[in-house]
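Residue-level structural notes
Chain by chain, the residues:
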Amino acid sequence: MSDNPLCTTITEQLNTGVLILDLNYNIVEWNRFFAIHAHLNLQDIVGKNVFTAFPELPKRWFERKLSSVIQLKTQSFCSWEQRHHLFELSHSRPITTDSHFMAQNCTFFPIETNNEITHICILIEDVTDVCHYQTRLNKTLEELAKANRIDGLTQVFNRKHWEECLDKEFSRARRYDHGLALIMFDLDHFKLLNDTYGHQCGDQVLIKTAQKISSLLRLCDQFGRYGGEEFAAILPETDLAGAVDVAERICRSIEELVIEFQDKRIRISTSVGVATINPDDKRYEDLISNADIALYEAKETGRNKVCAAKEIELILED
């Protein structure tokens, strides 16, 4: 919007898109950057309404944005993180991106003549590189966060994260007087299986076992690998009868599971201990201890079975 040849030269050399509209949203002028990336000539669109020239624009949002610029007589901004792009402009970056269009930071500001707003200028900054590398960084951070809470082999929670979950659930159950159950599983004779068929077979058994148990739990339950061949599941707002029912279904399903490894069909079983939160439990470790005692009882009395901590207490009292 300047007749100054120097200003025009500078505008044409900018590595930023410049688009000027009148107050009816008609295109008055743009610079070389915009023309190149839009693959259009100024003479083809000058005087056209911006929504006709660029039908991809979010019309209602765009009108509100420009209306606020005019009414408040101040500039406004939209980053690529809010909207990846407004205009479908091509980018020319020698990198692989997930989008065909240029990621954009957009600035809107009013142009005044004699203290009256006559036009709106839109600046488009190409931030495709920033978007690409920030997206890659975010993905890497997500993967690192996942690695910190997921067991690499079985893809269920690792012990550290699982115990953090139990700590939170224990505190919540105490605070609101809700039920909380814990189930601990130990695969029977797993060392013998490893010695007989090898550790690769053992790994497959752990993976398939984790998948089977996960499929039998609710979305709100939190399942993890406690260590070696031992797994554990947190069941929020669950009483002993409900937890025992879940444990028995899992125990039967594991017994029926057939795992194919090379030319072998492997069958396994699991011993299961169940415990629920009680008034004597001061820490989440007490709940683990009670479930572990029940698990030990299941292993000592024949394996491939479920024992509950409350039932063991009754036997001891008798």
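Counting restarts for each chain: residues are numbered from 1 in the order of the written sequence. Side-chain atom pairs in this predicted model are given and counted only at pLDDT of 80 or more, local residue features only at pLDDT of at least 70, and totals for whole chains, interfaces and linings cover all residues. Water and hydrogen atoms were dropped before computing side-chain values, which therefore reflect all heavy atoms in the structure.

Here the focus is the pairing of strand S2 (residues 27-30). Relative to S2, strand S1 (residues 17-22) runs antiparallel, the two sharing three bridges. Across the sheet, residue Leu 21 finds its bridge partner in S2, namely Ile 27. Pairing between strands is defined by DSSP: at least two bridges between them are needed. Strands here mean DSSP runs of E at least two residues long; helices mean DSSP runs of H or I at least four residues long; both are numbered from the N terminus. Hairpin connection from S1 to S2: four residues lie between these consecutive antiparallel strands, with Tyr 25 at a positive phi of about 65°.

Even without glycine at this site, His 39 takes up a positive phi of about 60°. You can see His 39 is positioned in the loop between helix H2 (32-38) and helix H3 (42-45). Residue classification places His 39 among the exposed positions, given a relative accessible area of 62%. One non-glycine residue, Asn 114, lies in the positive phi region at around 55°. When accessible area is computed with a 1.4 Å probe and restricted to protein chains, residues below 20% of their type maximum are described as buried, those above 50% as exposed, and intermediate ones as partly exposed. Judged by its relative accessible area of 74%, Asn 114 is exposed.

Time to look at the nonpolar core. Nonpolar side chains in soluble globular proteins tend to end up buried together. The set of buried Ala, Val, Leu, Ile, Met, Phe, Trp, Tyr and Cys residues whose side-chain atoms join them within 4.5 Å is what this entry labels a nonpolar core. In terms of nonpolar packing, the biggest core is built from 34 residues, with Phe 185, Val 205, Phe 223 and Val 274 touching the most fellow members. Elements supplying a minimum of two residues to this core: strand S6 (180-187), helix H8 (190-197), helix H9 (199-215), strand S8 (230-236), helix H10 (240-256), strand S9 (258-261), strand S11 (270-276) and strand S12 (306-308). In terms of residue count, H10 provides more of this core than any other element does, eight residues in total. Counting residues in hydrophobic clusters, the runner-up holds 29 residues, among them Tyr 25, Ile 27, Leu 66 and Cys 78.

Let's shift gears to the sheet that holds strand S3 (residues 76-78). Read from one edge to the other, the open sheet built from five strands follows the order S2-S1-S5-S4-S3, with strand pairing classed as antiparallel. Each edge of the open sheet carries a strand with a single partner, namely S2 and S3. Looking at each pair of strands side by side, their axes are set apart by 20° on average, direction ignored. Bridge analysis of S1 against strand S5 (residues 116-126) gives six bridges, and the strand direction is antiparallel. Bridge pairing in S5 places Val 18 opposite Leu 123. Pairs of residues are marked as contacts when any of their non-hydrogen atoms sit within 4.5 Å. Lines fitted to the C-alpha atoms define the axes, with helices restricted to the stretch that makes contact. Angles between their N-to-C directions range from 0 to 180 degrees. Set on the sheet, helix H5 (residues 59-72) makes contact with S1, S3, strand S4 (104-113) and S5; between it and S4 the angle comes to about 40°.

It is worth spelling out the pattern of salt bridges at this point. Salt bridges are counted wherever a side-chain nitrogen of Lys or Arg sits within 4 Å of a carboxyl oxygen of Asp or Glu. For the structure on display, the rule yields 14 salt bridges. A salt bridge links Arg 218 to Asp 221, with the shortest nitrogen-to-oxygen separation between them at 2.7 Å. Classification of Asp 221 as buried rests on a relative accessible area of 10%. When the shortest N-O distance is used, the salt bridge between Glu 260 and Arg 265 registers 3.3 Å. Taken as a pair, Glu 260 and Arg 265 share a single burial class, namely exposed. Residues participating in the shared-partner salt-bridge network are Glu 169, Arg 172 and Glu 237.

Next up on the list: helix H7 (residues 159-176). Over its 18 residues, H7 extends 25 Å from the first C-alpha to the last, a length consistent with the 26 Å expected when each residue adds 1.5 Å. All of the buried residues in H7 are His 161, Trp 162, Glu 163, Cys 165, Leu 166, Glu 169, Phe 170 and Ala 173. Where H7 is buried, its residues meet S6, strand S7 (222-227), S8 and helix H11 (284-300). Positive phi shows up at Asp 177, right after H7, with a value of about 55°. In this scheme, a helix's expected span is set at 1.5 Å multiplied by one less than its residue total.

Its location among the elements puts Arg 225 in strand S7. Considered as a pair, Arg 225 and Asn 158 are 67 residues apart in the sequence and their alpha carbons are 5.4 Å apart. Polar contacts, as counted here, are pairs of nitrogen or oxygen atoms within 3.5 Å of one another; within protein the pair requires one atom able to donate a hydrogen and one able to accept it, and residues that are adjacent in sequence qualify only if both atoms are side-chain atoms. Here the side chain of Arg 225 touches Asp 151 through a polar contact of 3.3 Å, side chain to side chain.

For the pair H7 and H11, interaxial distance at closest approach is 9 Å and the crossing angle is 110°. As judged from the angle between their axes, H7 and H11 are roughly perpendicular. Note on element contacts: H11 touches H7 through Tyr 284, Leu 287 and Ile 288, opposite Trp 162, Glu 163, Leu 166, Asp 167 and Phe 170. Within the contact of H7 with H11, the residues separate by chemical class into six nonpolar, no polar and two charged. Each angle gets one of four labels, with under 35 degrees taken as roughly parallel, over 145 as roughly antiparallel, 65 to 115 as roughly perpendicular, and the rest as oblique. Note that Gly is not counted as nonpolar here; it falls among the polar residues with everything else outside the nonpolar set of Ala, Val, Leu, Ile, Met, Phe, Trp, Tyr, Cys and Pro and the charged set of Asp, Glu, Lys and Arg.

As a further point, take the state of the cysteines. A pair of cysteine sulfur atoms is labelled a disulfide when the two atoms are within 2.5 Å. Under the counting rule described, the total for this entry stands at zero disulfides. Free of any disulfide, Cys 106 has its nearest cysteine sulfur in Cys 78, 5.6 Å distant. Here Cys 131 is not disulfide-linked; the sulfur of Cys 78 is the nearest cysteine sulfur, at 13 Å. Taking relative accessible area as the criterion, Cys 131 reaches 10% and is therefore assigned buried.

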